[in-house]
Amino acid sequence: MTPAQMETRIVRYGDLIPCKTAFIDAHTPGSDQKENFTIIGGGVSESADQHVHINDTPGFNIGAAGQPPKCRNSLHSHTTAEVFFVLKGRWRFFWGRWGDAGEVTLEEGDIFNIPTGIFRGFENIGIDYGMIMAVLGGDDAGGGVTWAPQVIQDATEHGLVLGENGKLYDTKQGATLPDGVNPMPVLGDAELAKMPEPAALDVIPRHVARYLDLMGLAGKSPAKVIGENAILPDKPGFDIEFITRGSLNADPITIEQSVVLMPMRGHWKLSWEGGASTLNPGDTCLLPAGFTHKLQPSMTGEASLYRVISNDDPAGPTWTGK
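Predicted model, so just to flag it, every value in this text is computed and none were measured.

**A few points about the environment of Asn 165**
Tracing the chain through its elements places Asn 165 in the loop between β13 (160-162) and β14 (168-170). Residue Asn 165 is classed as partly exposed on the basis of its relative accessible area of 35%. For the pair formed by Asn 165 and Leu 177, sequence separation is 12 residues and the distance between their alpha carbons is 9.9 Å. Only 3.1 Å separates the side chain of Asn 165 from the backbone nitrogen of Lys 167, close enough to count as a polar contact. Separated by 2.9 Å, the side chains of Asn 165 and Tyr 169 make a polar contact.

Structure, rendered in structure tokens:
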């Protein structure tokens, strides 16, 4: 592979193209300044304006959300995994029918494997623009999201209608639902009653890993963060590892599955037969299955990186191991 060919598999943080109309709450006050990024795969965006950086998926999607302070992402649920780690800022994640069943605050580098099937939302509670990176289970990221009924109602009052085809229509711009397309139905009381309302005590210990802990755990070898026998036990259709300066040596690495590298801190030299490149915080790099390479920090100082590895497990609901 030439360096030019490798560059087509790297999405640079500074080259990310945002979509400000990705979801139904794009006009709702408090949520109208958020930006959605689809890095690998189409994600769950509902907008035709969404730019997709890399279309081919390795069994999962990579995305990101950028928001200014006090901006909120509205309550929604996923049928497959939604994993976030905080790249920049300080974020509050909350969940439940009304967002009050539980909450957790994440700092930079912390990771949250949010249980499937529960309403969840998040907001930037820092003082600057914040960014969270996401891994979504499945080639189609579960096919979309289900919004809490109040989110759909609020959006309608501000001109946005979501069709049952999963596409958004802006009535303030003169758009209407096409013939034969009905509005997306909201969940009824019986369906809402089945939605879990887990307490923080049931979520945080099993679904959150802290950056400083991972730095210690990965001091000598990669730390398994998400996987069947990982710190956060789950089988979402991919594994996630955490790597620091001390985790790897100078030996070549060959992984049979597709790999996505997502630096958190420092600058990492990726080298292979045919070239080399430097990966920086916020960059995303997709390596093909069986690709032999070396990975080392390229300068002194703190260095950390999340590595996502595809596997043969089907994407689906959170796995409990029971």
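**Let's talk about the layout of surface pockets**
Approximately 310 Å³ is the volume attributed to the largest pocket. Considering the residues around the largest pocket, the lining is formed by 20 residues, among which Glu 46, Gly 144, Leu 162, Gly 166 and Met 184 are closest to the centre. Broken down by class, the residue content of the lining of the largest pocket amounts to 10 nonpolar, 8 polar and 2 charged.

**Let's talk about the sheet that holds strand β21 (residues 268-272)**
Neighbouring strands of a sheet are bound in pairs by backbone hydrogen bonds; such pairs are parallel or else antiparallel. Overall, antiparallel pairing links the 4 strands, which are arranged β19-β24-β21-β22 in an open sheet. With one partner strand each, in any of the chains shown, β19 (253-254) and β22 (275-279) form the two edges of the open sheet. When β19 meets strand β24 (residues 292-297), the two strands line up antiparallel, connected through 2 bridges. Paired with Ile 253 across the strands is His 293, a residue of β24.

**Here we look at the pattern of salt bridges**
Counted by the stated rule, this structure contains 13 salt bridges. As a salt-bridge pair, Glu 107 and Arg 90 come within 2.6 Å of each other at their nearest N and O atoms. Highlighted residues: Glu 107 in the loop between β8 (102-106) and β9 (111-114) and Arg 90 in the loop between β6 (82-88) and β7 (91-95), separated in sequence by 17 residues. Residue classification places Glu 107 among the partly exposed positions, given a relative accessible area of 35%. Salt bridges sharing partners connect three or more residues here, namely Arg 72, Arg 92, Glu 103 and Glu 123.

**A word on the packing of aromatic side chains**
Scanning all chains against the criterion turns up 12 aromatic pairs. Aromatic pair Phe 84 and Phe 122: ring centres 5.0 Å apart, planes at 65°, arrangement edge-to-face. Here Phe 84, found in strand β6, pairs with Phe 122, found in strand β10 (residues 120-124); they are 38 residues apart in sequence, far enough to count as distant. In terms of burial, Phe 84 and Phe 122 fall into one category: buried. With a centroid separation of 5.5 Å and an interplanar angle of 90°, the aromatic rings of Phe 93 and Phe 112 are classed as edge-to-face. Within this pair, whereas Phe 93 is found in strand β7, its partner Phe 112 is found in strand β9, the two being separated by 19 residues in sequence.

Rules used throughout
Residues numbered from 1 in each chain as written. Predicted model: local features only at pLDDT ≥ 70, side-chain atom pairs only at ≥ 80, totals over all residues. Heavy atoms only, no water. Helix = DSSP H or I, 4+ residues; strand = E, 2+ residues; numbered from the N terminus. Buried < 20%, exposed > 50% of the residue type's maximum accessible area, 1.4 Å probe, protein only. Polar contact = N/O pair within 3.5 Å; in protein donor to acceptor, adjacent residues only side chain to side chain. 1 Å grid on protein atoms, 1.4 Å probe; cavity = no way out; pocket = protein on both sides within 12 Å on 5 of 7 lines; lining within 4 Å. Points joined across faces, edges and corners; volume = space filled by probe spheres on them. Nonpolar A, V, L, I, M, F, W, Y, C, P; charged D, E, K, R; others polar. Pairing = 2+ DSSP bridges. Salt bridge = Lys/Arg side-chain N within 4 Å of Asp/Glu carboxyl O. Phe/Tyr/Trp six-rings, centres within 6.5 Å; stacked < 30°, edge-to-face > 60°.

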